[in-house]
Amino acid sequence: MMKFKKIVCVLTFCIIVFTYQNAKAQSENLNSQLPPTPSDLIDAVNDLRIANGLRPLKEHQVLMQIAQIEVEGVAAGNFGHWRPNNISLGQWLISLGYPLAGDLSLDGYRSENFTAGVDLRVQGVIRKWSEDEAHLNTMLSPYRTDIGVGISTSVDEVGQTVYFYVLETALQTQDNLMQSKAYPTLTAIAMNQGGMYGDATQAALSLQVSQYIIPVVRATARPDGDVIHEVRNGQSLWSIAIEYGVKIDQIRQLNNLPSIDIYLGQKLLVQKNATQQPTPTPAMTATPTVEMSKTQELNLSTITTTPYPNEEHIAQEKRPNNLSFGVMAILLFGGLFFVFAKKMLNGIR
């Protein structure tokens, strides 16, 4: 009698363990089939940083935007580390309003990794980037505060899914304000594009660089017709020229500026013989732009990559909970086995 009870207990335990392990395996298999998300890679990078005694990085809107544009360009056939309008990564960050720290003449504290592979998953990406110092430094540099990730997919000639990943990391200034040296850098971006658009002012307009700190508010004309503008934090020569409707070169000539460099608090003569007071522009709190509408400037007009699902879309999809099914199966099998065992015991008695 006791021997039979022990057999019943052992069999019941085996059924429970088998059912649970089977449900767990099915759940893990389902999760492995889900497409990776940017948050998955961000979490993996931060786990690696924490394991190495470093603080985790914060997801930043500008870095996320650049990473997604970059990865879609790579997936569409552009070379790795390509840039719109041939600007550098640091310049791209600054032009979208990111307060980049470090020596801007060396492009600041920022770096980028990219990779791709057939059915390449997040842990595989981390392993690949951990194989050399340069890629590992992008993830583990102590001189980083922010992170952005872009993921895209394409299908190769034999129908396999290829995953593309781009990682951006960067360091913000301590006060979260743009360095004063960033303003001539922004003006230089516009000047470098002058040949493409005809003049530097039009180049600045076409780049659609955000006025991210203090928007330019037009000053009223003095009695003698002169219009004097005081440079505020976040303003550059091109943004002042655009607001007043004049040319960058005109401001330089009026003020005998040897270069495009201006500084905070500098008073610039921007117009002479002004007959009407310009209409003031209301001051608004500016935020970094999250849209680059001129796709032809970014070489993205021919991109046909698969739109990448975000976490919200994935969460809305209804998927069965295999672990819940496993618990139900355990209860069902356990109950049936208990009834069967009880009847067998009663029969023996």
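Rules behind the numbers
- Residues numbered from 1 in each chain as written.
- Predicted model: local features only at pLDDT ≥ 70, side-chain atom pairs only at ≥ 80, totals over all residues.
- Heavy atoms only, no water.
- Axes fitted to C-alpha atoms, helices over the stretch in contact; angles between N-to-C directions.
- Helix = DSSP H or I, 4+ residues; strand = E, 2+ residues; numbered from the N terminus.
- Parallel < 35°, antiparallel > 145°, perpendicular 65-115°, else oblique.
- Contact = heavy atoms within 4.5 Å.
- Buried < 20%, exposed > 50% of the residue type's maximum accessible area, 1.4 Å probe, protein only.
- Polar contact = N/O pair within 3.5 Å; in protein donor to acceptor, adjacent residues only side chain to side chain.
- Salt bridge = Lys/Arg side-chain N within 4 Å of Asp/Glu carboxyl O.
- 1 Å grid on protein atoms, 1.4 Å probe; cavity = no way out; pocket = protein on both sides within 12 Å on 5 of 7 lines; lining within 4 Å.
- Points joined across faces, edges and corners; volume = space filled by probe spheres on them.
- Nonpolar A, V, L, I, M, F, W, Y, C, P; charged D, E, K, R; others polar.
- Core = buried A, V, L, I, M, F, W, Y, C linked by side-chain atoms within 4.5 Å.
- Left-handed = near helix turned anticlockwise from the far one by under 90°.
- Phe/Tyr/Trp six-rings, centres within 6.5 Å; stacked < 30°, edge-to-face > 60°.

Draft legend 1. Layout of the packing of helix α2 (residues 38-51) against helix α6 (residues 133-140). Contact pair α2 / α6: the axes reach a minimum separation of 9 Å and the direction vectors enclose 90 degrees. With respect to their mutual orientation, α2 and α6 come out roughly perpendicular. For the pair α2 and α6, contact is made by V45, L48 and R49 and by L136, M139 and L140, respectively.

Draft legend 2. Main features of the side chain of Q172. Its place among the elements puts Q172 in the loop between β4 (161-170) and α7 (182-192). On the basis of relative accessibility, which here comes to 17%, the residue Q172 falls in the buried class. A distance of 3.0 Å separates polar atoms of two side chains, one belonging to Q172 and the other to D146. Aside from chain neighbours lying at most four places away, what touches Q172 is H60, Y98, P99, A101, T145 and D146.

Draft legend 3. How the structure looks around the pattern of salt bridges. Throughout the structure, instances matching the rule amount to six salt bridges. The shortest N-O distance in the salt bridge between D107 and R110 comes to 2.8 Å. Take D107: its relative accessible area is 11%, and that puts it in the buried class. For R110, a relative accessible area of 24% puts it in the partly exposed group. Two residues, D226 and K272, come together in a salt bridge whose shortest N-O distance is 3.3 Å. Highlighted residues: D226 in the loop between α9 (200-207) and β5 (227-230) and K272 in the loop between β6 (267-271) and α12 (311-316), separated in sequence by 46 residues. Take D226: its relative accessible area is 14%, and that puts it in the buried class.

Draft legend 4. Main features of empty space enclosed by the protein. The final tally for this structure, using the stated rule, is two cavities of 30 Å³ or more. Computed from the structure, the second largest cavity encloses a volume of approximately 30 Å³. Lining the second largest cavity, in full, are L63, I66, L89, L93, R110, E168, T169 and A170. Contributions of two or more residues to the lining of the second largest cavity are made by α3 (61-75), α4 (89-95) and β4. Here the element with the most residues in the lining of the second largest cavity is β4; it accounts for three residues. Residues of the lining of the second largest cavity, tallied by class, amount to five nonpolar, one polar and two charged.

Draft legend 5. Local environment of the nonpolar core. Counting 24 residues, the largest nonpolar core has I66, L93, Y98 and L100 as the members making the most contacts within it. For this core, the secondary-structure elements that each account for two or more residues are α3, α4 and β4. In terms of residue count, α3 provides more of this core than any other element does, eight residues in total. When residues no more than four places from it in sequence are discounted, the contact partners of L93 are V62, L63, I66, Y98, L100, R110 and A170. If you look at the next biggest cluster of nonpolar residues, it comprises 19 residues, including A44, V125, I126 and M139.

Draft legend 6. Quick look at the packing of α2 against helix α5 (residues 122-129). Remark: α2 packs on α5, axes separated minimally by 10 Å, with the N-to-C direction vectors making an angle of 45 degrees. Relative to α5, α2 is oriented oblique. α2 and α5 meet at a crossing whose hand is right-handed. Contacts from D40, L41, A44, V45 and L48 in α2 reach V122, Q123, V125, I126 and W129 in α5.

Draft legend 7. A look at the packing of aromatic side chains. Scanning all chains against the criterion turns up two aromatic pairs. Taking the centre distance of 6.4 Å and the plane angle of 55 degrees together, the rings of W82 and W92 count as tilted. Here W82 is found in the loop between α3 and α4, whereas its partner W92 is found in helix α4, with 10 residues between them in sequence. Judged by its relative accessible area of 1%, W92 falls in the buried class. Ring centres of Y109 and Y143 lie 5.3 Å apart, and the angle between their planes is 15 degrees; on these two criteria the pair is classed as stacked. With a gap of 34 residues between them, Y109 in the loop between α4 and β2 (110-118) and Y143 in the loop between α6 and β3 (146-155) connect regions that are remote in the sequence.

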